[in-house]
Amino acid sequence: MSLWVDKYRPTALGKLDYHKEQATQLKNLVQCGDFPHLLVYGPSGAGKKTRIMCLLRELYGAGVEKLRIEHQTIVAPSKKKIEINIIASNYHLEVNASDAGNQDRVVIQELIKTVAQSQQIQSSTQREFKVVLLTEVDRLTKDAQHALRRTMEKYMSTCRLILCSTSTSKVIGPIQSRCLAIRVPLPSTEEVCSVLTSICKKEGLLLPPELAKQIAQKSGRNLRKALLMCEACRVQQYPFSADQEVPQTDWEVYLRETANAIVSQQSPQRLLEVRARLYELLTHCIPPDIIMKGLVTELLSNCDGQLKTEVAHMAAYYEHRLQLGSKAIYHLEAFTAKFMAIYKKFMEDGLDGMMF
Amino acid sequence: MDEYDEMYGVQDDFDDQFADELDALAQLEEESSNPGKRQKQLPESDIRDVEHLLVDPSITPKAKRKKQDAGVVKRLFNSLQTHESKAPSQSDDISPPSSPEHYETPGNLRSTPVALDISGVATIPETPRRRPTAAPASLHVLKRPPLEGEYVSVTDSSGSRIYLRQTEDTGTKVVDSRLLPNSQGALGLLAVPIGVLREQEAERRHQQIMEESQRVTDLLTSSVNDELVQPESRGDGENYDPEDTEGRTSRLWVDRFSPRHYTELLSDDFTNRCLLKWLKLWDTVVFGRERKSRPVRSDRQAPNQKSFKPNQPNQNPNRFKTKIEVTEELLEAELDQYKRPKFKVALLSGPPGLGKTTLAHVIAKHAGYNVVEINASDDRSAEVFQKRIDAATQMKSVLGANERPNCLIIDEIDGAPAAAINILLATLNRKDGHGGEAGAETTKKKKKKESILLRPIICICNDLYVPALRPLKQQAFLLVFPQTQPSRLTQRLGEISLEQGMKVDSGTLMSLCEKTDNDIRSCINTLQFLHGRGHKQVNSKTIQNVSVGQKDQNKGLFHLWQAIFQLQRTKRKRIGEGFDEAPGSGSGAQRFQHILHLASSSGEFEKVSQGLYENYLSMRVRDPDLQSVCEALDWLSFSDRLNHVIMHGQNFSLMRYLPFLSVTFHFLFAHTHVPRISYPHSQHEASTRLLSSRNALSTMLADIPACIRTRISQLSLSLDILTLLLDIICPKLRPVNPQLFSSREKEQMRELINTMLAYNLSYRQDRTPEGQYTYILEPRVEEVVRFPGLPPRRQLTYQAKQTIGREMEQEKMRRAEQLMLQRNPATPREEEKKRAAPTSTRNHQQRLENIVKQTTVEIRPEVDFFGRVVVPKPQKPQPTSETGEKCAVVSLGKAVGDSDVWFRFNEGMSNAVRRNVYIRELL
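Being a predicted model, the structure only gives us computed values, none of them experimental.

Novice: Explain the overall build of chain B to me, using residue names and the numbers behind them.
Specialist: What chain B contains, in helices and strands, is 42 helices and 14 strands. In chain B, of all internal contacts separated by at least 6 residues, the share reaching a separation of at least 24 is 70%. Element-wise, carbon and sulfur atoms account for 54% of the exposed surface of chain B, whose accessible area totals about 53000 Å².

Novice: Can you lay out the interface of chain A and chain B for me, pointing to particular residues and giving the numbers?
Specialist: Each partner contributes to the interface: chain A provides 72 residues, whereas chain B provides 68 residues. In terms of surface lost to chain B, no three residues of chain A exceed D250(A), H284(A) and Y330(A), which account for 12% of the buried area on that side. Applying the counting criterion to the chain A and chain B interface returns 5 salt bridges. Here E606(B) makes a salt bridge to K327(A), at a shortest N to O gap of 2.7 Å. Residues belonging to the side of chain A that touches chain B are distributed by class as follows: 32 nonpolar, 18 polar and 22 charged.

Novice: Now, about the nonpolar core: what can you tell me, with residues and values included?
Specialist: In terms of nonpolar packing, the biggest core is built from 69 residues, with F335(A), F565(B), Y616(B), L633(B) and F665(B) touching the most fellow members. A per-element tally of this core places helix α14 (residues 328–355) of chain A first, with 12 residues. Leaving out residues up to four positions away in the same chain, L633(B) has contacts with L271(A), Y330(A), E333(A), A334(A), A337(A), Y613(B) and Y616(B). Counting 64 residues, the second largest nonpolar core, distinct from the first, contains V192(A), A212(A), Y775(B) and L796(B).

Novice: Account for a positive patch on the surface, with residues named and values stated.
Specialist: A cluster of basic residues, R251(B), R260(B), K365(B) and R404(B), forms a positive patch at the surface. By relative accessible area, which is 36% here, R260(B) ends up partly exposed.

Novice: Provide a residue-level description of the packing of aromatic side chains, including the pertinent values.
Specialist: Residues and elements named next belong to chain B. Scanning the entire structure with this criterion turns up 21 aromatic pairs over all chains. Plain terms: the ring middles of W253 and F257 are 6.2 Å apart, the flat faces sit at 90° to each other, and that makes the pair edge-to-face. Centre to centre, the rings of F558 and Y679 are 6.0 Å apart; their planes meet at 35°, and the pair counts as tilted. Of this pair, F558 sits in helix α27 (residues 557–565) while Y679 sits in the loop between α31 (660–669) and α32 (682–702), and the two are 121 residues apart along the sequence.

Novice: Give me the sheet that holds strand β2 (residues 151–155) of chain B: which residues, what numbers.
Specialist: Strand order in this open sheet of 3 strands is β1-β3-β2 (chain B), and the pairing throughout is antiparallel. Whereas interior strands pair on both sides, the edge strands pair on one side only; in this sheet they are β1 (141–142) and β2 of chain B.

Novice: Tell me about the sheet that holds strand β3 (residues 81–88) of chain A, and name the residues and values.
Specialist: Residue and element names in this part refer to chain A. One open sheet accounts for 7 strands, arranged β2-β3-β4-β5-β6-β1-β7; its pairing is mixed. With one partner strand each, in any of the chains shown, β2 (68–75) and β7 (180–183) form the two edges of the open sheet. Pairwise comparison of adjacent strand axes, ignoring direction, gives a mean angle of 25° for this sheet. By the bridge criterion, 4 bridges tie strand β1 (residues 38–41) to β7 in an arrangement that is parallel. By the bridge assignment for β7, L39 is matched with A181. Strand contacts of helix α4 (residues 104–117): β2, β3, β4 (92–95), β5 (130–135) and β6 (159–165), with the helix running at about 120° to β2, the strand carrying the most contacts.

Novice: An account of the side chain of R275(A) is needed here, citing residue identities and associated values.
Specialist: In this fold, R275(A) is placed in helix α11 (residues 268–283). Leave out the neighbours within four places in its chain, and R275(A) touches I329(A), E333(A), Y613(B), E614(B), Y616(B) and L617(B).

Novice: Pulling in residues and values, what's your account of helix α7 (residues 189–203) of chain A?
Specialist: One turn of the α-helix equals 3.6 residues, which is why residues spaced by three or four share an orientation. Spanning 15 residues, α7(A) covers 21 Å between terminal C-alpha atoms, matching the ideal 21 Å at 1.5 Å per step. Tucked inside the fold, the buried residues of α7(A) contact α1 (4–7), α8 (209–218) and α9 (223–236) of chain A.

Novice: Can you break down the confidence of the model for chain B residue by residue, with the values?
Specialist: Residues and elements named next belong to chain B. Model confidence for chain B is summarised by a mean pLDDT of 69, while 57% of its residues fall at 70 or above. Below pLDDT 50 for its whole length, residues 35–68 participates in 42 contacts with residues either more than four positions away or in separate chains. pLDDT under 50 marks residues 434–449. Its contacts with residues more than four places away, or in other chains, come to 15 contacts. Scoring of the predicted complex yields 0.60 for pTM and 0.90 for ipTM.

Novice: Talk me through helix α35 (residues 743–758) of chain B; I want residue IDs and the actual numbers.
Specialist: Residues and elements named next belong to chain B. Relative to the 22 Å expected for 16 residues at 1.5 Å per residue, α35 spans 22 Å between its end C-alpha atoms, a close match to the ideal helical length. Every buried residue of α35 is listed here: E745, M749, L752, I753, N754, T755, M756, L757 and A758. On the buried face of α35, the contacting elements are α33 (706–709), α34 (714–728), β11 (762–767), β12 (773–778) and α37 (798–823). Immediately beyond the C-terminal end of α35, within one or two residues, lies N760, with a positive phi of roughly 60°.

Novice: Describe the packing of α9(A) against α34(B), with residues and values.
Specialist: Running from N to C, α9(A) and α34(B) cross one another at 15°; their axes reach a closest spacing of 8 Å. By the angle between their directions, the pair α9(A) and α34(B) is classed as roughly parallel. Regarding α9(A) and α34(B), the two cross each other, and that crossing is left-handed. Of the residues in α34(B), those in contact with R224(A), K225(A), L228(A), M229(A), E231(A), A232(A) and V235(A) of α9(A) are S716(B), L719(B), D720(B), I721(B), L724(B), D727(B) and I728(B). Classifying every residue of the contact of α9(A) with α34(B) by side-chain character gives 8 nonpolar, 1 polar and 5 charged.

Novice: Got a sec to walk through a nonpolar patch on the surface? Specific residues and values, please.
Specialist: On the surface, M813(B), V917(B), L922(B) and L923(B) cluster together into a nonpolar patch covering about 360 Å² of accessible area. Note on placement: M813(B) falls in helix α37.

Novice: An account of the pairing of β5(A) is requested, with residue identities and associated values reported.
Specialist: Across a regular strand the side chains alternate sides, sitting on one face of the sheet and then on the other. All names here are of chain A. Taking burial as the measure, the 6 residues of β5 include 5 buried ones, the bulk of the element. Across 4 bridges, the pairing between β4 and β5 is parallel. From the neighbouring strand, E94 faces β5, where its bridge partner is L133. By the bridge criterion, 6 bridges tie β5 to β6 in an arrangement that is parallel. Each bridged residue has a counterpart across the sheet, and for K130 the counterpart in β6 is C159. The β-α-β motif built from β5, the intervening helix α5 (residues 142–154) and the parallel element β6 has right-handed crossover chirality.

Novice: Residue-level account of the pairing of β2(B), with values.
Specialist: Residues and elements named next belong to chain B. Two strands pair when backbone bridges link them, and β2 and strand β3 (residues 161–165) are joined in this way by 5 bridges, in the antiparallel orientation. Bridge pairing in β3 places T155 opposite R161. The loop that links β2 with its antiparallel partner β3 comprises 5 residues; one of these, G159, has a positive phi angle of about 100°.

Novice: Could you give an account of the environment of L726(B), with specific residues and numbers?
Specialist: Tracing the backbone shows L726(B) in helix α34. Through-space distance from the C-alpha of L726(B) to that of M756(B) is 9.6 Å; in sequence the pair is 30 residues apart.

Novice: Outline unusual backbone geometry, supporting the account with residue identities and numerical values.
Specialist: Following E778(B), the chain continues into P779(B) via a peptide bond in cis, with omega recorded as -10°. By the element assignment, P779(B) lies in the loop between β12 and α36 (782–785). Phi at K79(A) takes a positive value of approximately 70°, unusual for a residue other than glycine. Relative to the assigned elements, K79(A) resides in the loop between β2 and β3.

Novice: Describe the packing of α14(A) against helix α30 (residues 627–649) of chain B, listing the residues and the values that go with them.
Specialist: Packing of α14(A) against α30(B) brings their axes to within 9 Å, and their N-to-C directions diverge by 155°. Taken together, the axes of α14(A) and α30(B) lie roughly antiparallel to each other. The chirality of how α14(A) crosses α30(B) is left-handed. Within the contact between the two elements, α14(A) uses Y330(A), H331(A), E333(A), A334(A), A337(A), K338(A) and A341(A) and α30(B) uses Q627(B), V629(B), C630(B), L633(B), L636(B), S637(B) and D640(B). Of the residues that constitute the contact of α14(A) with α30(B), the class distribution is 8 nonpolar, 3 polar and 3 charged.

Novice: Go over the environment of A276(A), please, and point to the residues and values.
Specialist: All names here are of chain A. Here A276 shows up in helix α11. By relative accessible area, which is 44% here, A276 ends up partly exposed. As for A276 and T258, which are separated by 18 residues in sequence, their C-alpha atoms are 9.9 Å apart.

Novice: Talk me through the pattern of salt bridges; I want residue IDs and the actual numbers.
Specialist: Taken as a whole and assessed by the stated rule, the structure comprises 29 salt bridges over all chains. Linking R9(A) and D6(A) is a salt bridge whose minimum nitrogen-to-oxygen distance equals 3.4 Å. Residues R9(A) and D6(A) agree in their burial class; the two are buried. Notably, a salt bridge pairs E751(B) with K7(A), separated by 3.3 Å at the nearest N-O pair. Of this pair, E751(B) sits in helix α35 while K7(A) sits in helix α1, on two different chains. The partly exposed category is assigned to E751(B), whose relative accessible area is 22%. You can call K7(A) partly exposed: its relative accessible area is 32%. Here the residues in one salt-bridge network are K7(A), E203(A) and E751(B), joined through shared partners.

Thresholds applied
Residues numbered from 1 in each chain as written. Chains lettered and ligands numbered in written order. Predicted model: local features only at pLDDT ≥ 70, side-chain atom pairs only at ≥ 80, totals over all residues. Heavy atoms only, no water. Helix = DSSP H or I, 4+ residues; strand = E, 2+ residues; numbered from the N terminus. Contact = heavy atoms within 4.5 Å. Areas by Shrake-Rupley, 256 points an atom, 1.4 Å probe, with all protein chains shown as cover. Buried area = accessible area lost by both parts, 1.4 Å probe. Salt bridge = Lys/Arg side-chain N within 4 Å of Asp/Glu carboxyl O. Nonpolar A, V, L, I, M, F, W, Y, C, P; charged D, E, K, R; others polar. Core = buried A, V, L, I, M, F, W, Y, C linked by side-chain atoms within 4.5 Å. Buried < 20%, exposed > 50% of the residue type's maximum accessible area, 1.4 Å probe, protein only. Patch = residues over 30% accessible without salt bridge, like charges linked within 9 Å, V, L, I, M, F, W, Y side chains within 5 Å. Lys, Arg positive; Asp, Glu negative; His and termini not counted. Charge placed at Lys NZ, Arg CZ, Asp CG, Glu CD. Phe/Tyr/Trp six-rings, centres within 6.5 Å; stacked < 30°, edge-to-face > 60°. Pairing = 2+ DSSP bridges. Axes fitted to C-alpha atoms, helices over the stretch in contact; angles between N-to-C directions. Expected span 1.5 Å × (residues − 1). pLDDT = per-residue confidence, 0-100. Parallel < 35°, antiparallel > 145°, perpendicular 65-115°, else oblique. Left-handed = near helix turned anticlockwise from the far one by under 90°. Right-handed = clockwise from strand over helix to strand, strands pointing away.

Encoded structure:
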């Protein structure tokens, strides 16, 4: 518990640093007693999980913070054993069903049903429901999500689900409509800065505001990343200087270089090199949609205004195909090739225009 | 002189090299002369029961020839019964006629006037069936001469004259032309001139007499031999049987024209020779024959070399051996102690239809073995296989004529289960129990059940690289079948078609060979098919249009990729490609069909598309605006979607659209250059690496305490945390002893260790291949987040890592101790004691016990044991320790058990001195 991210994580709704009105709303939600299923969504590093844990603490008290890890083995109908890790307290249960891959439906059906079916013993002293926290719902297969629908309704009296995902687009409509959707947006740059400054103060360090701002920008307002960056800066050099170099994650640097390579030359040979780099990214556990997104962001910054729309359109098209298919590399390369073609044509046209 | 010598050597070589073959040929000649003898013998043996032969003419080929003669004779006897006098036995011979015509003649004769002359009789029997019985007869027998056509006038005894119309009955043409050299238009109505008939008859009688006499002499000389010859001759007859009419339609040409002798083999000569040589190596052990030519040759060569080239012991010592030489050398190798060749098994491999099985059978038969075959149609489970191998190699047929030793041929071994192959291997490697001299023990061995292998085994497979065959390959004499030479195949096909009365020119046959990839079986089958369809004249067009004969075999992925990426030159006519030889043979539609056919027959769409994906960018195609690349990628992503749908929805009907990817790639990237195609590895590599990164992450996650575990996921770990975390755990540390750290530095250190423990990271000492010690981060997440080509991150020094590692270990112990204390508030001493109790039966104590036993006189071991050990534990009563002697022992035991320190001499071990030490005393 010595990383700043963990050490200074707020544990109560009242102590949250930003989106305070949302925090009070959540508090009211708990206090009014009619607690619905929740779908908490927002970009990574915005504080979804923190907020959920605060909410749980508000519901059950400090007991939810005594966590344990359980290893459960579920036997699928095909006799295949699925091992899954569950983080549990006495009051709640956290499952990442997408760990089970294609078999997540079985996990949903077996595990959640057994939990949901069992009644709380002492309902007088506590809430009469348990909470099942499902993380990364957007990575659940459609089958699993459909399996969830009925469970949500049927065991409403004994169980509440809190679904946590980065976007609602991959959560099927029926589930969205059964949940109260709560969006946790990223903190603003100022909020990030203030959080960084306050933590540095607690650590007894002096953080120059310029550096704080730089960190906030480099981290893309992802608070977790910002804090880690700040701590890495601290390890790198203390006392801080305002123009200190902020360490970055390798994959982002690598992706940026890849984008530069694409822009600088458009040929089949370059496409081959880019393919090798894309493979490298994929094998480092970077999800393809994130690669696509990062690539587009980097490429767009190199594009002219009128090209931007076309590139964005192509990106959307290939991202969709990426979601439909299973071999990410084809789609990523297809997008790259298409971008190369568009870009090259654009550049040649521009050159021709210059000539006349 | 040198040259001469070399020449001489060459000749010698030839003699030696082909010694076996010459041998074989010599034997063959003998054999081929044997059949002649046999044929000569045949009548001798058979004439004894000529009647029987004539009765059942289909049994022997000889009888066939007889039949014609007999037919003639029969007719003669019928018509000229009064003319000729003959042996009584002969008249018996004739009694069952060969054709029913003979019986019908009287019926026919009835319609004609009684007093016909003999010549009329002769013609009528030829056409009995054709003549309608009643009504047509009146049309032919006329009162007046007919107006048209020729007629014969006949006057009967009463003087009335009738005219017989000469009809052009087709029946006359049916008459065997061989018998009627001059029947047409001749006045003499006899089918064969009487002179000829007489001659034939005389000859026949003469022959019969000769045979009879020979038979008698034969009977006298070798009455026993006869019996042996007979079955063989019958077997011979069966061989020729298929030539008979009823066999003509039912049997496959492949079987009918399969080679029966070594010289008829179509397969590569070298391969044949090698196998034959190998099989001959067994002669020593199987037949007891010594090898003749080999030693002679080496003897003869050795002096030659010594006399003329003393400084060159070997002709070409430092030249690399060709494959052929290596094979030859294998065959020259010495026999083992049981006089078996080094390789007990020959393994023939090659694509189907080259004649592997035929070769094995022919050679085994040729070398004097009785062939026992096991193929895929037999049960090849382990037990049955064992039984059959044993039966074939250990036993020998005692009944019947083939008392020849067995040669086991295991066909289609590549499909056999691994267990069966293991059994085969075990059989090969079976050692004789006694080892020693082989010769003396052969008799004994036969009685034992598990005796060594003394019979050759020939295995045949198509695919040499089946995993199950791997162990066998090392112990087998490998023979890879080359392609049959098209010229030889064509020649053979020509012979066959000639024999069957098909008119096929050699160009056509060449194209047939090309179409079937020189597959002998397929060629012959195609020919028979065409023959059966009524094609008497086959040209190359027919060959190309016919849809049989083309093998639907897997050509291999590289072939497919090459076909896709290479534009065929159109000047040579391709069989697979151009089904119609239209002028635009390179047209799009045709190429489309060709590639589609290839791709869909390959079946491995996944691999194919991977190969295309890996290679298309390195093709030399002018594509300045990347349009074709984009299209290709669109197709790839389409096929990926297809695959996804197929796999997830089990919707396999969509699979038919997959091969179109190859067609697209062909049209986009095909070029006349020969493409350099590499096998697609990258996807597999990527998936393995992805898996290993995932594993590293999950091992890291597995032991992270729950309170942190709940905040992080694999995704956030790889995206956000890990890179920065690795930076954070590399603080700047003064390279001094941690004891000398300032309080601030100590604090920093403590935090670092906390972090590392919280995130389940640790340093592990490791040794690099160069022999240097390093500390590496465990689990190996560094590889997950570090990318190649980026500036390296700062690393801690070896000392720093060592310090951290040590501190972490201490911290871990401290925590474990704390945890234990928390859980069990009982005094640690108590616990220690409890723990001591079960460990009391350790080695050193047992040793001590023994020592004590030696020193003292009579002690019960249990007593000793408990007495000594349980001393610190008062709750365990000492059972019996009253006597003085025992007390001495007990006191000794007490001395051992009481003190914390034991000593024992334990050579080479570092645990000579033991002491119970608690962690907290060290920390």
